[in-house]
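# Coordinates in review
Read off the chains here:
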Amino acid sequence: LPERTSRRHFGLVPGIGLWWYAERWRRSRMSKTADRFIVVCAEQRRRLIHDAGVPESAIAVCPNGVELRYWRCDEGAAERFRRTQKIPAGSFVFGCVGRLAELKGFDLAIRAFAVAGRHAGGGAVLCVAGDGPHRGALERLSQELVVGRHVRFLGATDELREVYSATDTVLLPSRSEACPLVLLEGMASGCRVIASDVGGIPEMVTEPVAGTVLASRDADEWAAVMRRHMAMPSDDRRRGRERIRELVGARHDMNHRMGDVARVLMGTAGAER
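Residues numbered from 1 in each chain as written. Predicted model: local features only at pLDDT ≥ 70, side-chain atom pairs only at ≥ 80, totals over all residues. Heavy atoms only, no water.

## Brief notes about the side chain of glutamate 177
Checked against the element boundaries, glutamate 177 lands in the loop between β8 (169-172) and α7 (181-188). A polar contact is formed between the side chain of glutamate 177 and the side chain of lysine 104, at a distance of 2.7 Å. Within polar-contact distance, the side chain of glutamate 177 engages the side chain of serine 174 at 2.8 Å. Sequence-distant contacts of glutamate 177, that is, excluding residues within four places in its chain, are made with Lys104, Leu172, Val198, Gly199, Gly200 and Ile201. (Helix = DSSP H or I, 4+ residues; strand = E, 2+ residues; numbered from the N terminus. Polar contact = N/O pair within 3.5 Å; in protein donor to acceptor, adjacent residues only side chain to side chain. Contact = heavy atoms within 4.5 Å.)

See the structure below:
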């Protein structure tokens, strides 16, 4: 629900923001048409309670799940991807995956990569998988910041498992999210993450081994965290991959998640709260 605002009518009479009350009333009426709400993160539950007056007892939190048998690190696929994309041996690979739209904030990822890259001596690459209306602007930005030769725009691809397998850290600087599958897929593949502090992301990245959540949208601050990721010894990164995958399996295994949804739908038990 947007912030409540008011304006002056005829330039003189102050309004009281009736549109805001009308919108909240409309949402409250809509919420009464459902007996049960299923959301994918606690932040969505909070917003439903606050913005639409939905009773907490009517909301079940069932986070998204990921198929662990499919999303896993494949060293052979990683080598093929790095060879195909002409990524120099030993380079640290950052990855962005998603629709190239302004909402995803990938411009921040490129700006931060440009800053971090100045300290990496050319030893880092950013791979951007996906397509969308913002692609042209992102490509121009990478050229303007003189990092174009270190940024790979992959377009829409069905080979995301290869991308994640070759990626050391996934970047998700979104302006809005709920429980993004990109993070689950990347983490299940053993990638660390650097992501925005929005929606349910802090609920997903709960331990430092999994990565870092940032409230700031300052490129220098993002770059500082990216440099810390690059500075981690390769042996520690390898050991961390399994730990990250364990974290995803404990909370986001698809079989467990679907079981929770089924129990809510069948009314046999409440989902995780």
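## A few points about unusual backbone geometry
The general pattern is negative phi for most residues beyond glycine and trans for most peptide bonds. The backbone of lysine 86 sits at a positive phi, close to 55 degrees, despite the residue not being glycine. Of note, lysine 86 is situated in the loop between α3 (75-84) and β5 (92-97). Look at valine 146: it is not a glycine, yet its phi comes out positive at around 60 degrees. Within the secondary structure layout, valine 146 lies in the loop between α5 (135-144) and β7 (151-155).

## Here we look at a nonpolar patch on the surface
On the surface, a cluster of nonpolar side chains totalling about 350 Å² of accessible area is made up of Ile38, Leu265 and Met266. Summarising the element assignment, methionine 266 is placed in helix α11 (residues 254-266). (Patch = residues over 30% accessible without salt bridge, like charges linked within 9 Å, V, L, I, M, F, W, Y side chains within 5 Å. Areas by Shrake-Rupley, 256 points an atom, 1.4 Å probe, with all protein chains shown as cover. Salt bridge = Lys/Arg side-chain N within 4 Å of Asp/Glu carboxyl O.)

## Let's talk about the packing of helix α4 (residues 106-118) against helix α9 (residues 219-231)
Axis separation between α4 and α9 bottoms out at 8 Å; the angle between their running directions is 60 degrees. Of the possible angle classes, the one that applies to α4 and α9 is oblique. Handedness of the α4/α9 crossing: right-handed. On the side of α4, the interface is formed by Leu108, Arg111, Ala112, Phe113, Val115 and Ala116, while α9 contributes Ala219, Asp220, Trp222, Ala223, Met226, Arg227 and Met230. By residue class, the composition of the contact of α4 with α9 is 10 nonpolar, no polar and three charged. (Axes fitted to C-alpha atoms, helices over the stretch in contact; angles between N-to-C directions. Parallel < 35°, antiparallel > 145°, perpendicular 65-115°, else oblique. Left-handed = near helix turned anticlockwise from the far one by under 90°. Nonpolar A, V, L, I, M, F, W, Y, C, P; charged D, E, K, R; others polar.)

## Some thoughts on the pattern of salt bridges
Where side chains of opposite charge bring their charged atoms close, a pairing between them can arise. Within the structure shown, the criterion is met by 18 salt bridges. We note a salt bridge from arginine 238 to aspartate 235, for which the minimum N-O separation is 2.1 Å. Placement of both arginine 238 and aspartate 235 in helix α10 (residues 234-252) is noted, with a separation of three residues, approximately one turn of the helix. Its salt-bridge partner being aspartate 260, residue arginine 263 comes within 2.3 Å of it at the nearest N-O pair. Linking arginine 263 with aspartate 260, this pair stays in helix α11, spanning three residues, or about one helical turn.

## Topic: the environment of glycine 130
Along the chain, the position of glycine 130 falls in the loop between β6 (124-129) and α5. Assessed through its relative accessible area of 11%, glycine 130 is described here as buried. As a C-alpha pair, glycine 130 and proline 88 span 42 residues in sequence and 22 Å in three-dimensional space. Filtering out sequence-adjacent residues up to four positions away, glycine 130 remains in contact with Gly98, Leu100, Gly155 and Ala156. (Buried < 20%, exposed > 50% of the residue type's maximum accessible area, 1.4 Å probe, protein only.)

## Notes on α7
The element α7 is largely enclosed, with a buried count of seven among its eight residues. Every buried residue belonging to α7 is among Val182, Leu183, Leu184, Glu185, Gly186, Met187 and Ala188, and all of these are buried. On its buried face, α7 sits against β5, α6 (160-166), β8, β9 (192-196), α8 (201-204) and α10.

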